Every structure is written in C-alpha cells, then in structure tokens.
Amino acid sequence: MNPITFKSKVDRWYYILLCFLVVMTLAIAVLHPQWYMCAVMLPAMVIAGSCLATKYTVTATELIVHCGFFKQSVPIASITAIQKSNSLLSAPALSSDRLEIRYRRFESITISPTNKDAFIAALLSHNKGIEIRI
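Residues numbered from 1 in each chain as written. Predicted model: local features only at pLDDT ≥ 70, side-chain atom pairs only at ≥ 80, totals over all residues. Heavy atoms only, no water.

**Q** Can you explain the pattern of salt bridges? Please cite residues and give values.
**A** When charged atoms on two side chains of opposite charge get close, those side chains can pair. Summed over the entire model, instances satisfying the criterion amount to five salt bridges. One salt bridge connects aspartate 97 with lysine 116, and the closest N-O pair in it is separated by 2.7 Å. Of this pair, aspartate 97 sits in the loop between strand E5 (79-85) and strand E6 (98-103) while lysine 116 sits in helix H3 (residues 116-124), and the two are 19 residues apart along the sequence. For glutamate 131, the salt bridge identified is with arginine 133, shortest N-O distance 3.2 Å. Looking at glutamate 131, the relative accessible area reads 42%, which means it is partly exposed. For arginine 133, a relative accessible area of 39% corresponds to the partly exposed category. (Salt bridge = Lys/Arg side-chain N within 4 Å of Asp/Glu carboxyl O. Helix = DSSP H or I, 4+ residues; strand = E, 2+ residues; numbered from the N terminus. Buried < 20%, exposed > 50% of the residue type's maximum accessible area, 1.4 Å probe, protein only.)

Here you go:
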C-alpha cells in the first residue's frame, strides 16, 4: 500500500495569531530599521511557514508526524487507542479539534488531521486492534 498523507486541520485562531505576529514584526522593523530586525524577521517567517506544513503520513508500518523541523515516527503495531482530545497543550496540531494517539504502554501524541475518519480508517487497515474512543 502506498503511503497516505493527511494535512493538519488549521483553526482560524492560528491564522489570526500568525498574521498578528507578522504585522507586529513588520511594524517594529519599520519603526526601528536596525539591521538586526531583519535577522529576527527572516527566521520567524521560516518557522511560521514550516509550522503550516504540518502533516501526518500513514505507511504500511508507521505513522510519521511532520511539524516544521520536528519529525516523529510511531509504529502502527504499537498503537493501542485513538481518542478525541481538545487539549491545547503543545502538540504537532494546528487545531483544537484533535486526536490523541496512544501507543506502547504510556506514550501518546496529539494530532489534528483534516479528515479524521479517513485517517482512523487508514490506521485501522494496518492494525485492527486499535481501540477507538470517539
């Protein structure tokens, strides 16, 4: 089976926050045009752009989570449960409409795929023993 990639769902608040940060950075750069503002603005824009590239790839054996420079692999065979989560704790998810993936004994990762049903179906096709708690 070919890998299937799911984009992260993105809440409106994330775009608002991102726009606010860009506008504030530009305002500071205009008001204080020292060279170091450019040195701060470029990395901030690179980080913001890479965060918007958050995605989740389901292969035959792994769930691969990409968020900016962060990459984590979870063996699908080790996934024990998927449950709904509204936690706002830091996670590779750009939405508050999240899924918590529990794996191994006490580990978990929280994500926010745009199409949760298709995402869950893709994982279940490789591990029928996953408990769904939605």
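Next comes the rest of the description.
**Q** Give a detailed account of the nonpolar core, specifying residues and quantitative values.
**A** Counting 20 residues, the largest nonpolar core has Val58, Leu63, Ile101, Ile111, Phe119 and Leu123 as its most contacted members. Those elements that place two or more of their residues in this core are strand E2 (55-58), strand E3 (62-67), E5, E6, strand E7 (107-111) and H3. For this core, the leading source of residues is H3, giving four residues. Aside from chain neighbours lying at most four places away, what touches leucine 63 is Tyr56, Thr57, Val58, Gln72, Ser73, Val74, Ile76, Ile101, Phe119 and Leu123. (Core = buried A, V, L, I, M, F, W, Y, C linked by side-chain atoms within 4.5 Å. Contact = heavy atoms within 4.5 Å.)

**Q** I'd like to hear about the pairing of E2, residue by residue, with values.
**A** The sheet contact formed by strand E1 (residues 4-7) and E2 spans four bridges and is antiparallel. Residue phenylalanine 6 lies in a different strand from E2, and its bridge partner there is tyrosine 56. Between the end of E2 and the start of E3, which pair antiparallel, lie three residues. (Pairing = 2+ DSSP bridges.)

**Q** Before we move on, can you summarise the environment of leucine 89 with the specific residues and values?
**A** Along the polypeptide, leucine 89 turns up in the loop between E5 and E6. The exposed category is assigned to leucine 89, whose relative accessible area is 64%.

**Q** Lay out the confidence of the model for the protein chain in plain terms, naming residues and giving numbers.
**A** Residues with a pLDDT of 70 or more make up 87% of the protein chain, whose mean pLDDT is 86. The lowest-confidence element of the protein chain is helix H2 (residues 35-51), averaging 66 in pLDDT; the highest-confidence one is H3, averaging 97. (pLDDT = per-residue confidence, 0-100.)

**Q** Give a detailed account of H3, specifying residues and quantitative values.
**A** Among the residues of H3, Phe119, Ile120, Ala122 and Leu123 are the ones counted as buried. An end-on view of H3 places all buried positions within 155 degrees of arc, on one side of the element. (Arc of directions from axis to C-beta.)

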